[in-house]
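# A structural walkthrough
The primary structure of each chain is shown beneath.
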Amino acid sequence: MRVSYNWLQEYVDLKGISPRELAEKLTLSGVAVERLDVLGEGVEKVVTGRIEELVRHPDADKLQICKLNVGKGELLQIVTGASNVAVGQVVPVALVGAKLPSGMNIKKSKLRGVESFGMLCSGEELAIEKKLLPENQQDGILILPPDTPVGVDAKEVLGLNDVALELELTPNRADCLSMVGVAREVAAVLGSEFKAPGLDLVEEAGSIAGQDKVTIEDAELCSRYVAKLIKDVRIAPSPAWIQRRLQAAGVRPINNVVDVTNYVMLEFGQPLHAFDYETLEGREIIVRRARPGEELVSLDGQTRKLDEEMLVIADAKGPVAIAGVMGGLHTEVTATTRDILLESAYFNGTGIRRTSRRLGLRSEASMRFEKGIDLGGCLRAAERAAQLFRELAGGKLCQGAIDNRAVDIKEQVITLSLSRLDRYMGAPVPKDAAVSILRGLQFQVEDRGEELVVTVPTARPDIALEEDLIEEVIRIYGYDKVPVTLPVEATTQGRKTVEQGLEDLVKDIMVGSGLTEVINLSFTSRQMMDTARVAAGSSLRKAVVIQNPLSEEQGILRTTLLPGVLEVLRRNLSRRVKDAAVFEVGRVFRPEEGAVLPNEPLMLAVGGMGFTKVNWAQTRIPYDFYFLKGVLETLLDTLGIKDYRFVREAENPTFHPGRAAALMLGDRISGVIGQLHPDVAENFELPPEACLFEVNLDLLMANANLQKRYESLPKFPGVERDLAVVVQEGVTAERVREVIVANGGELLREVSLFDVFRGKQIEAGYKSLALSMRYQAQDRTLTDDEVNSLQQGIADALARELGAELR
């Protein structure tokens, strides 16, 4: 909200304080002033002048010689290249010695042999934003109204002797989205008298009754609708004073009718809309939801498709406006308009926000409806606009107004305990000060001794509780008067939850393994899922769709971390980083049947390509399947997870079918690890050896056991034996290990695979697996017979269950 310092003085005595002092006082009271915009800053010695003579330059086709009356008796000669000037026009003139915001200093000059004693100024040269000028004034020299006096300071004429305060309002202070609302605030802060805009209605036309009808069909989305009829208006430019106020507030003047609706919106915070009365079919206004298939050509010429969630203003034929968002082109006020039906309504903020976002339309009006306006101020705003239509457009006001209400309008009555106010403040607040502050905010106050009964105006819907009143008193009384004390309540030391601690532990393990953490956005796209070859029927394809994505590449919420990690590797490789190993810990979003919200498991993804760094004590190690498997096993071991195994994974199209494995916790798949499928590596422009894994950290944390169990060192030595067996290619090493563990008994302490062999000595379709086993007892030294017996039992079991032969 931009607040004109000069305009503000119409409603409140500022007691001579400067704009900067006012900004400081408002900020301290809780209404933050983000910045001050000094209009006309850097403009000096620019006056108004009337062109009395205009001739072509004798030696230049594009130059003209102007002679102007600038109020000094003799005419001033200026050579200009402007093409939009004519005799009789009043224009801003920069005299010799003038300074402009661009830093230009005006000097006496000679152009093609003709002396020039100044410069004619455009709006841009005076630092007036182009978008704030009327369309016919946006290019060329600025043309002032013909009745503008000559020789006066152009800053005064153009409203550049003003300062605009840019307010940064919190969502609950929608009342300060109006000049009157800010003036009430300033009056309370300064202790000044608030002067409400005067209202003097002269209704000289017939009654509005019978000339129009208003029906509210959807009371949920429209609580009040006020209509007022104005006849015989004359469309013309607005007077200079109203144009300057609109420009100071950041609004471009258009014509007197549109400018009045914008002016009253800025003054009272109530959006208004003017319909060309003659274009309304059936002389009827119907406030309803749009019907299936309905469309409307809006004021910007765009055809808008409407749906049943949108509130429209309709006549007997169909929609004529999108309620609270934008009017329709068919009922637009034009140069031929004579009669106006003025709308002043209260629309539901949530409905307006939903409609404006769906249509991609957001305006000053929709923003005010979204934040909440004054339900009790609709009629007063309509009457104020009608008064200005009569004064500025010559309109004749019809008697009365249609005021259709779907709800009762009640002012909040709240009792304020003075003792409770003192307790919240931490120090006594004088009753007179509290009463003065509340009345300064235009609240009605009834003194009942130790309590104040306060009636809150409808313009302050944010005041609903006694605590709200306490806040109002304290912020105006001064936060600097709150005594400085130390808290006396018992405090507790904050700490992380178990899950947060485990997440930090996981990250420490990853970093300790030589990986670098990355953080990606939670948004991705279906194209990225295609690039990663996520299976068409996979549950990972069922994603939460973003209704208003920032871009097509961020249209859905991720269901897996893998595409993001792969994209990080691709970006690094494109910047000549060939060796990289990264990890990401983050949540994914997986919709579930019948659930309102998606499941959000915490996941860990790791990706690697290239080699580790070289140092004097270690050679380069590839970031391959076995490196990543070692990282994963380190994680499982640190978390105390013992009951896990890796099984072959050949169905996941993201991974190489022969070089991938699924991580099993008991009977549940909790992750997948492997080398990229060649097509995925090609899609992401990565080396074919790139590997990655993704695991469900929620499952790992649920199975974690960080309690350490200590055992005494064995007193008796162990016995190690090797076993080499020949099995079919389809038999996995893990299956062989399971049979060995199942038949090794309690004395078998460890089993590890140390060699896989295929060659001429092995029959085609078979392979040789060599395993090392360690036996140990706690109470004795094992004999060869005991170990041989166990070894034989294992060999028999392998032969029986897997068809294995000893090599």
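Reading guide: rules and limits
Residues numbered from 1 in each chain as written. Predicted model: local features only at pLDDT ≥ 70, side-chain atom pairs only at ≥ 80, totals over all residues. Heavy atoms only, no water. Axes fitted to C-alpha atoms, helices over the stretch in contact; angles between N-to-C directions. Helix = DSSP H or I, 4+ residues; strand = E, 2+ residues; numbered from the N terminus. Parallel < 35°, antiparallel > 145°, perpendicular 65-115°, else oblique. Left-handed = near helix turned anticlockwise from the far one by under 90°. Contact = heavy atoms within 4.5 Å. Nonpolar A, V, L, I, M, F, W, Y, C, P; charged D, E, K, R; others polar. Pairing = 2+ DSSP bridges. Expected span 1.5 Å × (residues − 1). Buried < 20%, exposed > 50% of the residue type's maximum accessible area, 1.4 Å probe, protein only. Lys, Arg positive; Asp, Glu negative; His and termini not counted. Salt bridge = Lys/Arg side-chain N within 4 Å of Asp/Glu carboxyl O. Polar contact = N/O pair within 3.5 Å; in protein donor to acceptor, adjacent residues only side chain to side chain. Core = buried A, V, L, I, M, F, W, Y, C linked by side-chain atoms within 4.5 Å.

## Describing the packing of helix H5 (residues 240-248) against helix H6 (residues 256-268)
- Close contact between H5 and H6 brings their axes to 10 Å; oriented N to C, the two are set at 55°. In terms of orientation, H5 lies oblique with respect to H6. Crossing geometry of H5 relative to H6 is assigned as left-handed. For the pair H5 and H6, contact is made by Trp241, Ile242, Arg245 and Leu246 and by Asp259, Asn262, Tyr263 and Leu266, respectively.
- Split by residue class, the contact of H5 with H6 holds 5 nonpolar, 1 polar and 2 charged.

## Some words on the sheet that holds strand E33 (residues 655-665)
- With mixed pairing, 7 strands are arranged side by side in an open sheet as E27-E30-E31-E35-E34-E33-E32. Only two strands of the sheet have a single neighbouring strand rather than two, namely strand E27 (516-517) and strand E32 (644-648).
- As judged from the 8 bridges shared by strand E30 (residues 580-587) and strand E31 (residues 602-609), these two strands associate in the antiparallel manner. If you follow phenylalanine 583 over to E31, its bridge partner there is valine 606.
- The strands touched by helix H15 (residues 562-574) within the sheet are E30, E31, E33, strand E34 (668-676) and strand E35 (691-696), with E31 carrying the most contacts at an inclination of about 30°.
- In the packing of helix H16 (residues 625-638) onto the sheet, contacts are made with E31, E32, E33, E34 and E35, and the angle to E35 comes to roughly 25°.

## What about helix H4 (residues 179-190)?
- A rise of 1.5 Å per residue sets the reference length of H4, with its 12 residues, at 16 Å; its end C-alpha atoms lie 16 Å apart and thus fit the reference within 8%.
- The buried fraction of H4 amounts to 11 of the 12 residues, a majority that puts the element mostly inside the structure.
- For H4, the full list of buried residues reads Met179, Val180, Gly181, Val182, Ala183, Arg184, Glu185, Val186, Ala187, Ala188 and Leu190.
- At the C-terminal side of H4, glycine 191 shows a positive phi close to 75°.

## Details of the side chain of glutamate 694
- With respect to the helices, strands and loops of the structure, glutamate 694 is situated in strand E35.
- Arginine 590 is the oppositely charged side chain nearest to the buried, salt-bridge-free glutamate 694, at an N-O distance of 4.8 Å.
- A distance of 2.8 Å separates polar atoms of two side chains, one belonging to glutamate 694 and the other to threonine 560.
- What glutamate 694 contacts, discounting residues up to four positions off in sequence, is Thr560, Leu561, Leu562, Met603, Leu604, Ala605, Ser670, Gly671 and Val672.

## Re the pairing of strand E36 (residues 719-728)
- Sheet analysis places E36 next to strand E38 (residues 766-775), joined by 10 bridges and oriented antiparallel. Bridging from a neighbouring strand, valine 725 pairs with leucine 769 of E38.

## Here's the deal with the nonpolar core
- By size, the foremost hydrophobic cluster in this structure holds 55 residues, and its most contacted members are Val3, Leu8, Leu14, Leu22, Leu165 and Val186.
- In terms of residue count, helix H9 (residues 378-393) provides more of this core than any other element does, 8 residues in total.
- With near-sequence residues (within four places) excluded, valine 186 lies in contact with Leu8, Val12, Leu14, Leu22, Leu26 and Gly191.
- Ranked by size, the runner-up nonpolar core spans 36 residues in total, among them Leu280, Ile313, Val320 and Ala345.

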